[in-house]
Amino acid sequence: MVDQLKNIVPELVQKFNAEKEDTFKRMVPIVLKKGLENTSLDMFGEDMQRGILNAVAEELVKKGRTKEAIAAYMKAKNRDKLIEIGDSYKNMNMFSHAIECYWIAEARDRLMQVGEVCLRDGQMADAIKAFQLVEDKTRLLLVGDECLKREKYESAIEVFRFLSHKDKLIIVGDECVKHDQLVLAAKAYEFAQSKEKLNNVGDIFLQKEQLNNAYEVYRIAGNTIMIEFLRENFHMA
């Protein structure tokens with residue numbers, strides 16, 4: 001009797017799993033037609049919900065509807081599949097999409113890897129995003145310095161602002177002034193909280209007769225005297 005049960009149990013399990021698989025597949029077209037966001041699966045148990053969501057996601061991938069597939073895998077908490085999609089994006093050099101998948105999957109190691117690739121290939125915006133998500137300040141400092149060297153001042157400002165590195169922000173601002181990128185210079189000095197440097201930029205704008213820019217920079221610097229001067233003489237408001 002025991003031996004008979006031993007022989008029957010695997011067969012029953014296989015049959016049960018096959019029936020569950022069939023159920024998942026039958027649900028797929030219904031869910032796709034109604035839309036995942038419009039379909040409630042609350043009446044099913046957790047395992048059944050995940051099975052349906054994974055089946056739907058798999059079909060969406062086949063149809064090339066990757067973003068919707070990501071949403072389905074996210075609901076199914078299928079970390080492995082999210083990483084798999086992220087890897088596909090990475091192999092296609094679609095780094096921002098890869099980073100999004102890795103972040104959803106909480107795949108810190110993958111984020112570090114793709115960040116390194118982006119840094120090596122000069123994809124600074126994506127490198128910044130990846131290293132910010134893992135809060136790797138050492139790598140971010142390297143990225144910021146590389147951005148500064150490549151004259152990618154806006155990206156450098158973003159990094160050094162994230163790191164609250166005022167000295168580096170001042171350096172970026174100074175470089176922007178040298179290259180006549182005064183709006184970015186003002187942005188860097190504002191984040192560095194350097195009123196003196198901001199006033200210098202305001203003075204340059206004033207010399208160039210760019211009064212609106214001068215007024216705005218003086219306002220950020222809290223230079224009440226120059227604000228009043230521009231209001232009284234040029235009707236700035």
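Look a little higher up for the structure.
One structure accompanies this document, and this report is about it. Just so it is clear, the structure is predicted and the values come from calculations on it, not from any experiment. (Residues numbered from 1 in each chain as written. Predicted model: local features only at pLDDT ≥ 70, side-chain atom pairs only at ≥ 80, totals over all residues. Heavy atoms only, no water.)

## A closer look at the nonpolar core
The line we're drawing: Among buried residues, the Ala, Val, Leu, Ile, Met, Phe, Trp, Tyr and Cys ones that are joined through side-chain atoms within 4.5 Å form a nonpolar core. Throughout this description, buried means an accessible area under 20% of the type-specific maximum (1.4 Å probe, protein chains only), exposed means over 50%, and partly exposed covers the range between. Segments assigned H or I by DSSP are reported as helices when at least four residues long, segments assigned E as strands when at least two residues long, and all are numbered from the N terminus. Two residues qualify as a contact provided that any one of their heavy atoms is within 4.5 Å of a heavy atom in the partner residue.
One finds Val143, Val172 and Val201 to be the most contacted residues of the largest nonpolar core, which totals 74 residues. For this core, the element with the most residues is helix 11 (residues 182–192), which contributes seven residues. When neighbours within four sequence positions are excluded, Val143 is seen to be in contact with Leu119, Met124, Ala127, Ile128, Phe131 and Val159.

## Concerning helix 5 (residues 95–104)
As a reminder, the rule being used: Throughout, the arc means that of the directions going from the helix axis to the C-beta atoms.
Along helix 5, the positions that sit buried rather than exposed are Phe95, Ala98, Ile99, Cys101 and Tyr102. Looking down the long axis of helix 5, one finds its buried residues gathered within 165° of arc, a one-sided arrangement. Taken together, the buried residues of helix 5 touch helix 3 (66–75), helix 4 (79–91), helix 6 (108–121) and helix 7 (124–133). Looking one or two residues beyond helix 5, the residue adopting positive phi is Glu106, at roughly 55°.

## Quick word on the packing of helix 3 against helix 4
Counted only if it meets this: Note on definitions: angles span 0 to 180 degrees between N-to-C directions of axes, and those axes are lines fitted to C-alpha atoms, for helices only across the stretch in contact. In this scheme, roughly parallel covers angles under 35 degrees and roughly antiparallel covers those over 145, while 65 to 115 is roughly perpendicular and the rest are oblique. Here is the rule for handedness: rotate from the far helix to the near one, and if that takes an anticlockwise turn smaller than a right angle the crossing is left-handed, while a clockwise turn gives right-handed.
Between helix 3 and helix 4, the least distance of the axes is 9 Å, while the angle of their chain directions is 155°. Looking at the two axes, helix 3 sits roughly antiparallel to helix 4. Along this stretch, helix 3 crosses helix 4, giving a crossing that reads as left-handed. Two secondary-structure elements touch here, helix 3 through Thr66, Ile70, Tyr73 and Met74 and helix 4 through Lys81, Leu82, Ile85 and Tyr89.

## Some words on helix 10 (residues 166–178)
Put simply, the test is: Here the expected span of a helix is defined as 1.5 Å times the quantity of residues minus one.
Along its 13 residues, helix 10 runs 19 Å from first to last C-alpha, staying within 8% of the 18 Å computed at 1.5 Å per residue. In this fold, the buried residues of helix 10 make contact with helix 8 (137–149), helix 9 (153–162), helix 11 and helix 12 (195–207). Positive phi shows up at Asp180, right after helix 10, with a value of about 60°.

## Remarks on the side chain of Asn223
Rule in force here: Here a polar contact means two N or O atoms within 3.5 Å. Within protein one must be a hydrogen donor candidate and the other an acceptor candidate, and residues neighboring in sequence count only if both atoms are side-chain atoms.
Assignment of secondary structure puts Asn223 in the loop between helix 13 (211–221) and helix 14 (224–234). Taking relative accessible area as the criterion, Asn223 reaches 18% and is therefore assigned buried. Only 2.9 Å separates the side chain of Asn223 from the side chain of Asn199, close enough to count as a polar contact. Excluding residues that lie within four positions of it along the chain, Asn223 makes contacts with Asn199 and Tyr218.

## Observations regarding unusual backbone geometry
A positive phi angle is found at Glu135, which is not glycine, with a value near 55°. Along the chain, Glu135 turns up in the loop between helix 7 and helix 8. Assessed through its relative accessible area of 60%, Glu135 is described here as exposed. The backbone phi angle of His235 is positive, close to 55°, even though this residue is not glycine. As for its position among the elements, His235 is in the segment after helix 14. For His235, a relative accessible area of 69% gives the class exposed.

## Quick word on the pattern of salt bridges
Defined as follows: We define a salt bridge as a side-chain nitrogen of Lys or Arg found within 4 Å of a carboxyl oxygen belonging to Asp or Glu.
Under the defined criterion, the tally for this structure stands at 15 salt bridges. The salt bridge partner of Lys197 is Asp174, with a shortest N-O separation of 3.1 Å. Taken as a pair, Lys197 in helix 12 and Asp174 in helix 10 lie far apart in primary sequence, 23 residues in all. Looking at Lys197, the relative accessible area reads 25%, which means it is partly exposed.

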